[in-house]
Amino acid sequence: GAGVSQSPSNKVTEKGKDVELRCDPISGHTALYWYRQRLGQGLEFLIYFQGNSAPDKSGLPSDRFSAERTGESVSTLTIQRTQQEDSAVYLCASSPLTGTGHNVIFGQGTRLTVV
Amino acid sequence: AQTVTQSQPEMSVQEAETVTLSCTYDTSESDYYLFWYKQPPSRQMILVIRQEAYKQQNATENRFSVNFQKAAKSFSLKISDSQLGDAAMYFCAYSPPPGYALNFGKGTSLLVTP
C-alpha cells in the first residue's frame, strides 16, 4: 500500500483480556518496528523485524508481549492478560534496508485503552 | 547506549517567524542517521527531515533545515516562515545504519501563535 496501515485504530479492552494489534507495512519494506507511546511521553522501542525474524526484542516489557511477522509483510503485536499500564498508543513503522534511503515511515497507531 | 536529548519541552513562535528546536545525542558510532519527526494531534509521526552523518552538508526540505554539528553531536531543526499548521510535537531521533531501531528524544511541543 501507499503507507503503513495499522488496525484497529482504537481498542478498548477489559483488564486481563488478550489483544492483537495489526500492522501492514509499505510493500517492499524489509524492516518493521513496533513502538509504544504512553500519554505525553516519547516513543519506547519494543521490537524490530528484519524480514520475518526479530534480531532485536530488547524493548518488549514483559513476557505478556509477543510479536510475529509473516511473508515479510504483516506483523501482529499480541498483549496477553492486559493490564492498565499497557494503555498507550502502539505505533508501527517500516523502512527499506537497501538503496540510499533509510526512511522510517510510521502508521497512525493503535490507541489501546485497558479498563 | 545511544541517547537523544531534547532540552526544550515547549517552544512558542509567531506566525511567519523562525524557530530553532535543539537536539543533542550521544554515540560512539561514526556512521549513523538523524531524523526529525512531527507528531500532530492526529498522532501520525511524519518524517520532516533526515540527515546522514557522513554528509557534511546540512539537509534542507522547503522551510525546514538542520544545523548538524557532528563533533558537537548536535542536530537542531530550524523552521522558517512558521505556519499555524506547524504546531505539533517534534521528536528528534537517532539511528545507526539501517537495520536498527530509532532512539527518540522526549519531544518538544511547538506552539504557533497568530
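Residues numbered from 1 in each chain as written. Chains lettered and ligands numbered in written order. Predicted model: local features only at pLDDT ≥ 70, side-chain atom pairs only at ≥ 80, totals over all residues. Heavy atoms only, no water.

Asker: Tell me about the side chain of Gln44(B), residues and numbers included.
Answerer: You can see Gln44(B) is positioned in the loop between strand 5 (33–39) and strand 6 (46–52). For Gln44(B), the side chain forms a polar contact with the main-chain oxygen of Phe106(A), separated by 2.7 Å. Ignoring sequence-local partners within four residues, the contact set of Gln44(B) consists of Phe106(A), Gly107(A), Gln108(A), Lys38(B) and Gln39(B). (Helix = DSSP H or I, 4+ residues; strand = E, 2+ residues; numbered from the N terminus. Polar contact = N/O pair within 3.5 Å; in protein donor to acceptor, adjacent residues only side chain to side chain. Contact = heavy atoms within 4.5 Å.)

Asker: Could you give an account of the interface of chain B and chain A, with specific residues and numbers?
Answerer: Listed as interface residues are 21 residues of chain B and, on the opposing side, 24 residues of chain A. The junction of chain B with chain A conceals about 1,800 Å² of combined surface from both sides, 52% of it contributed by carbon and sulfur atoms. Looking at the side of chain B facing chain A, the largest losses of area belong to Arg43(B), Gln44(B) and Phe104(B), adding up to 32% of the total buried there. Applying the counting criterion to the chain B and chain A interface returns 0 salt bridges. For the interface between chain B and chain A, the tally reads 7 residue pairs in polar contact (both at pLDDT 80 or more). Those elements that place two or more of their residues in the side of chain B that touches chain A are strand 5, strand 6 and strand 10 (88–95) of chain B. Element by element, the count of residues in the side of chain B that touches chain A is highest for strand 5 of chain B, at 4 residues. Taken together, the residues that form the side of chain B that touches chain A break down as 12 nonpolar, 5 polar and 4 charged. (Buried area = accessible area lost by both parts, 1.4 Å probe. Salt bridge = Lys/Arg side-chain N within 4 Å of Asp/Glu carboxyl O. Nonpolar A, V, L, I, M, F, W, Y, C, P; charged D, E, K, R; others polar.)

Asker: For the nonpolar core, give the residues involved together with the corresponding values.
Answerer: Ranked by size, the top nonpolar core spans 25 residues in total, and within it Tyr25(B), Trp36(B), Phe75(B), Leu77(B) and Tyr90(B) carry the most contacts. Of all the secondary structure elements, the ones that give two or more residues to this core are strand 3 (19–21), strand 5, strand 6, strand 8 (64–69), strand 9 (74–79), strand 10 and strand 12 (108–113) of chain B. With 4 residues, strand 10 of chain B is the single largest residue contributor to this core. One finds Leu91(A), Ala93(A), Tyr33(B) and Leu102(B) within the second-largest nonpolar core, a separate group that totals 20 residues. (Core = buried A, V, L, I, M, F, W, Y, C linked by side-chain atoms within 4.5 Å. Buried < 20%, exposed > 50% of the residue type's maximum accessible area, 1.4 Å probe, protein only.)

Asker: Describe in detail the state of the cysteines, supporting the description with residues and values.
Answerer: Residues and elements named next belong to chain A. Here the structure, examined in full by the defined rule, presents 2 disulfides over all chains. Each disulfide pairs two cysteine sulfurs, and for Cys 23 the partner residue is Cys 92, the sulfurs being separated by 1.9 Å. The sign of the S-S torsion, about -65 degrees, decides the handedness of the disulfide formed by Cys 23 and Cys 92: left-handed. Here Cys 92 lies in strand 9 (residues 88–95) and Cys 23 lies in strand 3 (residues 19–24), a separation of 69 residues in the sequence. Taken as a pair, Cys 23 and Cys 92 share a single burial class, namely buried. (Disulfide = S-S within 2.5 Å.)

Everything listed here is a matter of geometry and, on its own, says nothing about what the molecule does.
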